[in-house]
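Here are the chains, one letter per residue:
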Amino acid sequence: MSKILCSTGALIGRPNNRDYRLLKELSGKLSCDGFEFMMYSTWYPEKERLIDALLSYGLFIPVIHCDKLLGESFALGEASEEYNNAVSLFETNCIIGKALGAKKAVLHLWNGLISDKHIENNIKVYSVLAQIAKNYSLTLLIENVVCNGKDPFFHWTSLKEMYPDISFIFDTKMAAFHGQLDLLYSEEYSWLNEEKHILHYHVNDYGGGYKDWKNLRTLPIGQGSIDFERFFRFVNSKGYNDTFTVESTAFDETGKVDTEMLNRQFDLLRASLN
């Protein structure tokens with residue numbers, strides 16, 4: 001049975017001071033099955049308070065989304081202090097994930113302005129990170145995040161050739177940004193589903209064109225141009241019945257969260273899945 005999750009990043013952001021304590025109240029207003037916990041770099045100093053608070057709320061958190069900033073440091077290579085610090089911080093993400101009950105860890109293996117400029121360093125560190133995640137009973141999932149150089153599927157293919165057992169998380173918005181949604185359905189990339197490399201989905205809409213940076217926003221389904229009827233038809237045909245996360249930004253400039261919009265998204269997913 002598929003689980004529909006809400007990203008805590010859709011609820012908690014700069015406008016509401018990244019106050020994770022808001023989840024206590026907000027979680028009771030949402031009809032999702034659980035949460036994908038988005039880790040922010042500002043929370044490292046209060047790791048124990050964060051864990052204690054979230055556990056006290058009784059949330060189901062099967063997925064942790066690791067700090068997005070780590071990928072930028074991995075790109076600098078193992079001789080750099082930033083790289084080694086990022087590996088240590090990744091382990092902290094895994095410690096938090098295990099404490100919260102997560103089984104999957106989503107990672108932007110490359111990220112930021114440096115993106116995939118030194119992708120060889122990002123690919124090399126994967127084996128180290130996968131082992132750390134495994135030590136904490138987590139399956140590491142590499143996301144098809146946007147690239148400045150090549151493209152996500154190109155790098156996924158390189159990763160799979162080097163690490164045949166690798167697992168991925170597929171984001172619809174990221175794929176649409178690179179014009180790669182159709183590749184998910186293609187024979188060329190049938191191995192992604194036939195060999196069960198995709199273990200999680202982010203389901204978001206996109207309203208821009210090819211590599212349209214000014215429109216790289218996370219939209220609710222129906223507010224962009226992605227053909228979700230085709231997407232859900234494909235996913236259902238493959239017998240996928242695992243986790244999906246809604247990431248649609250739900251807070252406004254004042255920090256107020258539109259829980260009704262998110263609940264409509266959850267209802268839409270339930271109606272679309274087998």
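Residues numbered from 1 in each chain as written. Predicted model: local features only at pLDDT ≥ 70, side-chain atom pairs only at ≥ 80, totals over all residues. Heavy atoms only, no water.

### Comments concerning the state of the cysteines
Consideration 1: Evaluation of the coordinates by the stated rule reveals 0 disulfides.
Consideration 2: As a non-bridged cysteine, Cys6 has Cys32 as the owner of its nearest cysteine sulfur, 5.1 Å distant. (Disulfide = S-S within 2.5 Å.)

### Focus on the side chain of Asn263
Consideration 1: You can see Asn263 is positioned in helix 11 (residues 259–272).
Consideration 2: Here Ser31 takes part through its backbone nitrogen, which lies 2.8 Å from a polar atom of the side chain of Asn263. (Helix = DSSP H or I, 4+ residues; strand = E, 2+ residues; numbered from the N terminus. Polar contact = N/O pair within 3.5 Å; in protein donor to acceptor, adjacent residues only side chain to side chain.)

### A word on the packing of aromatic side chains
Consideration 1: Counted under the stated rule, the structure contains 22 aromatic pairs.
Consideration 2: Pairing Phe170 with Tyr201 gives two aromatic rings, centres 5.9 Å apart and planes at 65 degrees, and the pair type is edge-to-face. With a gap of 31 residues between them, Phe170 in strand 6 (residues 167–171) and Tyr201 in strand 7 (residues 198–202) connect regions that are remote in the sequence. Judged on exposure class, the residue Phe170 and its partner Tyr201 are both buried.
Consideration 3: The ring centre of Tyr40 lies 3.9 Å from the NZ or CZ of Arg18, which sits over that ring.
Consideration 4: Above the face of the Phe154 ring, Lys150 is positioned so that its terminal group lies 5.1 Å from the ring centre. (Phe/Tyr/Trp six-rings, centres within 6.5 Å; stacked < 30°, edge-to-face > 60°. Buried < 20%, exposed > 50% of the residue type's maximum accessible area, 1.4 Å probe, protein only. Lys NZ or Arg CZ within 6 Å of the ring centre and 35° of its normal.)

### Observations concerning the pattern of salt bridges
Consideration 1: Inspection of the entire model under this criterion finds 11 salt bridges.
Consideration 2: Measuring nitrogen to oxygen at the nearest pair gives 3.0 Å for the salt bridge that ties Asp242 to Lys104. A residue pair is termed long-range when its members are at least 10 positions apart, and Asp242 in the loop between helix 10 (228–237) and strand 8 (243–246) and Lys104 in strand 4 (residues 104–107) qualify at 138 residues.
Consideration 3: Residue classification places Lys104 among the buried residues on the basis of a relative accessible area of 11%.
Consideration 4: One network of salt bridges, in which partners are shared, links Asp33, Asp267 and Arg270. (Salt bridge = Lys/Arg side-chain N within 4 Å of Asp/Glu carboxyl O.)

### With respect to helix 4 (residues 81–100)
Consideration 1: Under the 1.5 Å per step criterion, the end-to-end length of helix 4 is 29 Å for 20 residues, consistent within 8% with the ideal 28 Å.
Consideration 2: Residues Tyr83, Ala86, Val87, Phe90, Thr92, Asn93, Cys94, Ile96, Gly97 and Leu100 constitute the buried set of helix 4.
Consideration 3: Immediately downstream of helix 4, the backbone of Gly101 shows phi near 95 degrees, a positive value. (Expected span 1.5 Å × (residues − 1).)

### Details of a negative patch on the surface
Consideration 1: Side chains of Asp252, Glu253, Asp258 and Glu260 sit close together on the surface and give a patch of like negative charge.
Consideration 2: Secondary-structure assignment places Asp258 in the loop between strand 8 and helix 11.
Consideration 3: Exposure remark for Asp258: the relative accessible area of 36% places this residue in the partly exposed category. (Patch = residues over 30% accessible without salt bridge, like charges linked within 9 Å, V, L, I, M, F, W, Y side chains within 5 Å. Areas by Shrake-Rupley, 256 points an atom, 1.4 Å probe, with all protein chains shown as cover. Lys, Arg positive; Asp, Glu negative; His and termini not counted. Charge placed at Lys NZ, Arg CZ, Asp CG, Glu CD.)

Remember that the coordinates give geometry; whether it matters functionally is a separate question.
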